[in-house]
Amino acid sequence: MKTTFFAVAAALPLAAFAVSEAIASKGSGDINADYLLILGHALENNAASTVLVKRCERAAEYLKSHPDTVAIACGGITGKEQTVSEATVIKKILAEKGIDESRIILEDKSKTTAENFYNAKKLMNEKEGCSVALLSSSYHLLRARTLARLCGINAKTVAAPTPGNVKINCYAKEFFAFPLMLINIKEAKKNG
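Quick caveat: nothing in here was measured; it's all calculated off a predicted structure.

Asks: Break down the overall build of the protein chain for me, citing the residues and quoting the values.
Replies: What the protein chain contains, in helices and strands, is 7 helices and 5 strands. The order of α-helices and β-strands along the protein chain, N terminus first, is α-β-α-β-α-β-α-β-α-β-α-α. Expressed as a percentage of its 192 residues, the buried residues of the protein chain come to 46%. Of all intrachain contacts in the protein chain linking residues separated by at least 6 positions in sequence, the fraction that spans at least 24 positions is 75%.

This is how it looks when you write it as structure tokens:
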């Protein structure tokens, strides 16, 4: 009985990974959206981490092939030593990759993914009938899409690849972060 419990417990993260990868690959990038929400990631010494660089590369690719889409770069100052927002770093990288800065709106106040969505929703002015694409790393899309819906944003997903050197850590972190999602929503509503 004990062995069965541990086998099931060990299999759950693998199932979550498989679902995340399936969501990430489903129609990724085929969406023509009014807005592209680009989720930030923790910075390393005020610079983009490998994960955030991959998200920005994918965002630039998407924005070049969808010239009418407006980007919303999401992420505030989340680290103690951080002096620049994740959104500012995203905008800088996109500009370096040839994306016109007038197409990039900063959502630079949030500290959680739920706050990203509530703040981005205000920036979109909740325009009736607007379409939204959500860009994050493949490992993060299951929780991000679920959070977006709980925050009132029905978004299609666009996956950025998860770098191989951090893949296991990212999926493990995501598995444990998923239950905290409802707490983040409650806090984001209170702050928003």
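The rest of the description comes next.
Asks: So what's going on with the sheet that holds strand β1 (residues 35-39)? Which residues, and what values?
Replies: Spatial ordering of the open sheet is given by β3-β2-β1-β4-β5, a layout of 5 strands whose pairing is parallel. Where the open sheet ends on each side, the last strands, each with one partner, are β3 (104-107) and β5 (155-160). Strand-to-strand, the axes of this sheet are offset by a mean angle of 25°, without reference to chain direction. Judged from the 4 bridges that link them, β1 and strand β4 (residues 132-137) form a sheet pairing that is parallel.

Asks: Which residues make up the confidence of the model for the protein chain, and what values do they have?
Replies: Summary statistics for the protein chain give a mean pLDDT of 81 and a share of 68% for residues scoring 70 or more. Here residues 5-10 is modelled with pLDDT under 50, and outside its nearest four sequence neighbours on either side it reaches 0 contacts, counting other chains as well.

Asks: Explain the nonpolar core to me, and be specific about the residues and the numbers.
Replies: Formed by 24 residues in total, the largest nonpolar core has its most connected members in Leu36, Ile38, Tyr62 and Leu94. Among the secondary structure elements, those contributing two or more residues to this core are β1, α2 (50-65), β2 (70-74), α3 (86-96), β4 and β5. When residues of this core are assigned to their parent elements, the largest contribution, 6 residues, is made by α2. Non-local contacts of Leu36, meaning those with residues more than four positions away in its chain, are made with Ala59, Tyr62, Leu63, Thr69, Val70, Ala71, Ile72, Ala133, Leu135 and Val158. Counting 21 residues, the second-largest nonpolar core is a separate cluster that includes Ile72, Met124, Leu134 and Ala144.

Asks: Help me get a handle on the side chain of Arg103, residues and values and all.
Replies: Looking at the secondary structure, you find Arg103 in the loop between α3 and β3. Put simply, Arg103 is tucked away with no salt bridge, and the nearest opposite charge, on Asp68, sits 7.1 Å away. Of note is the side chain of Arg103, whose polar atom sits 2.9 Å from the backbone oxygen of His66. If we ignore the near neighbours within four places in the chain, the residues touching Arg103 are Leu63, His66, Pro67, Asp68, Thr69, Val70 and Ala71.

Asks: I'd like a rundown of the pairing of β5, residues and numbers included.
Replies: With 5 of 6 residues buried, β5 is to be regarded as a mostly interior element. Note that β4 and β5 share 6 bridges and pair parallel. Bridge assignment links Val132 to a residue of β5, and that residue is Ala155. In this region the chain leaves β4, passes through helix α5 (residues 141-150) and returns to the parallel neighbour β5; the handedness of that crossover is right-handed.

Asks: Any chance you could break down the packing of helix α4 (residues 113-123) against α5 for me, citing the residues and the numbers?
Replies: In a packed pair of helices, the relevant descriptors are the angle between the two axes and the axis-to-axis distance. Interhelical geometry of α4 versus α5 gives an angle of 45° and a closest axis separation of 9 Å. Here α4 lies oblique to α5, going by the angle between them. Of the two elements, α4 crosses α5, and the hand of that crossing is right-handed. Contact residues: Thr113, Ala114, Phe117 and Tyr118 in α4; Arg143, Ala144, Leu147, Ala148 and Leu150 in α5. Across the contact of α4 with α5, the residue classes tally to 7 nonpolar, 1 polar and 1 charged.

Asks: Tell me about unusual backbone geometry, and name the residues and values.
Replies: Of note in this structure, Asn45 is not a glycine but carries a positive phi near 55°. As for its placement among the helices and strands, Asn45 is situated in the loop between β1 and α2. Looking at Asn45, the relative accessible area reads 80%, which means it is exposed. Here Asn46, not a glycine, exhibits a phi torsion of approximately 65°, which is positive. Looking at the element boundaries, Asn46 is found in the loop between β1 and α2. According to the relative accessible area criterion, Asn46 is partly exposed, its value standing at 30%.

What counts as what
- Residues numbered from 1 in each chain as written.
- Predicted model: local features only at pLDDT ≥ 70, side-chain atom pairs only at ≥ 80, totals over all residues.
- Heavy atoms only, no water.
- Helix = DSSP H or I, 4+ residues; strand = E, 2+ residues; numbered from the N terminus.
- Buried < 20%, exposed > 50% of the residue type's maximum accessible area, 1.4 Å probe, protein only.
- Contact = heavy atoms within 4.5 Å.
- Pairing = 2+ DSSP bridges.
- Axes fitted to C-alpha atoms, helices over the stretch in contact; angles between N-to-C directions.
- pLDDT = per-residue confidence, 0-100.
- Core = buried A, V, L, I, M, F, W, Y, C linked by side-chain atoms within 4.5 Å.
- Lys, Arg positive; Asp, Glu negative; His and termini not counted.
- Salt bridge = Lys/Arg side-chain N within 4 Å of Asp/Glu carboxyl O.
- Polar contact = N/O pair within 3.5 Å; in protein donor to acceptor, adjacent residues only side chain to side chain.
- Right-handed = clockwise from strand over helix to strand, strands pointing away.
- Parallel < 35°, antiparallel > 145°, perpendicular 65-115°, else oblique.
- Left-handed = near helix turned anticlockwise from the far one by under 90°.
- Nonpolar A, V, L, I, M, F, W, Y, C, P; charged D, E, K, R; others polar.

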